[in-house]
Amino acid sequence: MECVFGMVGKGFALVVADTSAVNSILVHKSNEDKIMILDSHKLMGASGEAGDRAQFTEYVQKNVSLYQFRNGIPLTTKAAANFMRGELATALRKNPYMVNIVLAGYDKETGPSLYFIDYIATLHKVDKAAFGYGSYFSLAMMDRHYHPDMTVEEAIKLAEQCIEEIRSRLVVAPQNFVIKIVDKDGAREHSWRRTTKD
Amino acid sequence: MARYDRAITVFSPDGHLFQVEYALEAVRKGNAAVGVRGTDTIVLGVEKKSTVKLQDSRSVRKIVSLDDHIALACAGLKADARVLINRARIECQSHRLTVEDPVTVEYITRYIAGLQQKYTQSGGVRPFGLSTLIVGFDPYTGVPSLYQTDPSGTFSAWKANATGRNSNSMREFLEKNYKETSGQETIKLAIRALLEVVESGGKNIEVAVMTKEGLRQLEEAEIDAIVAEIEAEKAAAEAAKKAPASKQT
């Protein structure tokens, strides 16, 4: 029931994720941040097995930091995406990570970009991406209303429409969502959409 | 004595580990490096040999970041330094991954020193030929620290220290002139110590300043400005010394 989706706009990329931490029928908390800020200009929204999600995303973040210290410059979004895919692929036939990732980044030379990385190490560079049961609704919504070079306001409105669709149509819809954005000024939290106060 | 320096796993009869002592000699031939701890700033300064005209000086960074809050300068074999710095950088990230906290300066110094010691007690390997000066702010208490390690694997904390070429003269200068300083004063003290043994001028010195915000490498122009200030102060002090003497005659 975890929902993560993202899209690319004019000079920015957006990632939206639900914030529920669920174990069978129990909701542990509804303010779990699943969008990790990888470095100054990268966002990684992850869904899947909770332990794997934390382990894999933290491992990637530390390796991205290490690259920066070793080489004096940050990884490009494309390089980070390929690194993640490589790690997932290596572990796949032994001890797979059950994590699905939407990676959003901003590079000075190439602008904003979005990558769809699946738990079986699929990698696609895309304009819009979604994971989970929520993807049936958010992808359809984005297919209808998305157009290239949207402004931040337009993209947020589209994200809200997707969240509304998920809330009204998904049987066990998550209560709260967080929206994070990355543009030339860096990666940061944008806003929350709450129905409960936890 | 020559029979006891081939494999470092053997002590000499009078208790020396010659390979370690020869490594310290290699350090003494390396470029001068100085570190000074202030109340809110820690400064690292390294001598830059300006004889290499065709070399792109930006590719030879002598003061490096190990993590956001830790920096290192070293004297000795630069190739050995690269290996040690790489291991230290990995350890900084590994520590953050396993305990979700940044390393303290003491932890990473202990790690580097431990690595240097391992190579004095293994077969078929030689010690790392470098001494390091490690600076940083404790991520929890905000206290600034300066540590030094050497090829034998010993380490200790210092208020100010020097290593490499002519380190004794620099250390003597620091012992005579050290006092608790902050900000620009700490930078000046470090540069003054370096100028004791290095040709004056911004292109012969590399200086980096560590504050709570992080590491900042000083531009050549900035260093030149501070050097000019120091020379002016020195000239003024000389003049003041001569003036009363001439009045007496």
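Preceding this paragraph is the structure being described.
Please read all numbers here as calculations on a predicted model, not as lab measurements.

**A word on the packing of helix α4 (residues 167–177) of chain B against helix α5 (residues 184–195) of chain B**
Residues and elements named next belong to chain B.
Here comes step 1: Running from amino to carboxyl end, α4 crosses α5 at an angle of 140°, the nearest separation of the two axes being 8 Å. The orientation of α4 with respect to α5, classified from their angle, is oblique. Here α4 and α5 pass one another in a crossing that is right-handed. Where α4 abuts α5, its residues Met170, Phe173, Leu174 and Asn177 lie against Leu189, Arg192, Ala193 and Leu194.
Here comes step 2: Here the contact of α4 with α5 is built from residues that sort into six nonpolar, one polar and one charged.

**Focus on the pairing of strand β6 (residues 144–149) of chain B**
Residues and elements named next belong to chain B.
Here comes step 1: Within β6, six of the six residues are buried, which leaves the element mostly enclosed by the surrounding structure.
Here comes step 2: Across the two faces of β6 the burial is the same, with Pro144, Leu146 and Gln148 and Ser145, Tyr147 and Thr149 all buried.
Here comes step 3: Looking at chain direction, strand β5 (residues 130–137) and β6 are connected through six bridges and run antiparallel. Residue pairing for β6: glycine 136 is matched across the bridge by serine 145.
Here comes step 4: Bridge analysis of β6 against strand β7 (residues 155–157) gives three bridges, and the strand direction is antiparallel. In the strand pairing of β7, tyrosine 147 is matched with alanine 157.
Here comes step 5: Between β6 and β7, which follow one another and run antiparallel, lie five residues, and glycine 153 among them has a positive phi close to 95°.

**Description of the nonpolar core**
Here comes step 1: Core analysis: the largest hydrophobic core is formed by 40 residues, its most contacted members being Phe5, Met7, Leu14 and Met142 of chain A.
Here comes step 2: In terms of residues, this core owes the most to one element, helix α4 (residues 152–169) of chain A, which gives seven residues.
Here comes step 3: Not counting residues within four places of it along the chain, the set of residues in contact with leucine 14 of chain A comprises Phe5, Gly6, Met7, Leu114, Ala155, Ile156, Ala159, Ile179, Lys180 and Ile181 of chain A.
Here comes step 4: Within the second largest apolar cluster, 26 residues are counted, among which are Val36, Val43, Val197 and Ile205 of chain B.

**Observations concerning the packing of helix α1 (residues 50–71) of chain A against helix α2 (residues 77–92) of chain A**
All names here are of chain A.
Here comes step 1: Contact pair α1 / α2: the axes reach a minimum separation of 11 Å and the direction vectors enclose 130°. It follows that α1 is oblique to α2 by the angle criterion. With respect to the hand of their crossing, α1 and α2 are arranged in right-handed fashion. Mapping the contact onto sequence places Phe56, Tyr59, Val60 and Asn63 in α1 and Phe83, Met84, Glu87 and Leu88 in α2.

**Let's talk about the sheet that holds strand β1 (residues 4–8) of chain A**
Residues and elements named next belong to chain A.
Here comes step 1: Judged by pairing direction, the sheet is antiparallel, and its five strands sit side by side in the order β10-β1-β2-β11-β12 without closing on themselves. In the strand order of this sheet, the two ends are held by β10 (128–131) and β12 (186–193), each with one partner. Adjacent strand axes in the sheet meet at a mean angle of 15°, parallel and antiparallel pairs treated alike.
Here comes step 2: Packing against the sheet, helix α3 (residues 135–145) makes contact with β1 and β10, and its axis sits at approximately 165° to β10.

Calculation rules
The residue count restarts for each chain, going from 1 along the sequence in the order it is written. Written order decides the labels, with chains lettered from A and ligands numbered from 1. The predicted origin of the model limits local features to residues at a pLDDT of at least 70 and limits the giving and counting of side-chain atom pairs to 80 or more, whereas totals for whole chains, interfaces and linings rest on all residues. In computing side-chain values, all of the structure's heavy atoms are included and hydrogens and water are not. Only the stretch in contact is used when fitting a helix axis, every axis being a line fitted to C-alpha atoms; angles between N-to-C directions are given from 0 to 180 degrees. Helix and strand labels come from DSSP, where a helix needs a run of H or I of at least four residues and a strand needs a run of E of at least two; each type is numbered from the N terminus. Here the word oblique covers every angle except those under 35 degrees (roughly parallel), over 145 (roughly antiparallel) and from 65 to 115 (roughly perpendicular). Two helices crossing with the near one rotated counterclockwise from the far one by less than a right angle form a left-handed crossing, whereas a clockwise rotation gives a right-handed crossing. By the convention used here, residues are in contact when the closest approach between their heavy atoms is within 4.5 Å. Charged residues are taken to be Asp, Glu, Lys and Arg, nonpolar residues to be Ala, Val, Leu, Ile, Met, Phe, Trp, Tyr, Cys and Pro, and polar residues to be all remaining types, Gly included. A 1.4 Å probe rolled over the protein chains alone gives each residue an accessible area, and that area as a share of the maximum for its type sets the label: buried under 20%, exposed over 50%, partly exposed in between. Strand pairing follows a simple DSSP-based rule, namely that at least 2 bridges must link the two strands. Among buried residues, the Ala, Val, Leu, Ile, Met, Phe, Trp, Tyr and Cys ones that are joined through side-chain atoms within 4.5 Å form a nonpolar core.

The values are spatial; any link to function lies outside them.
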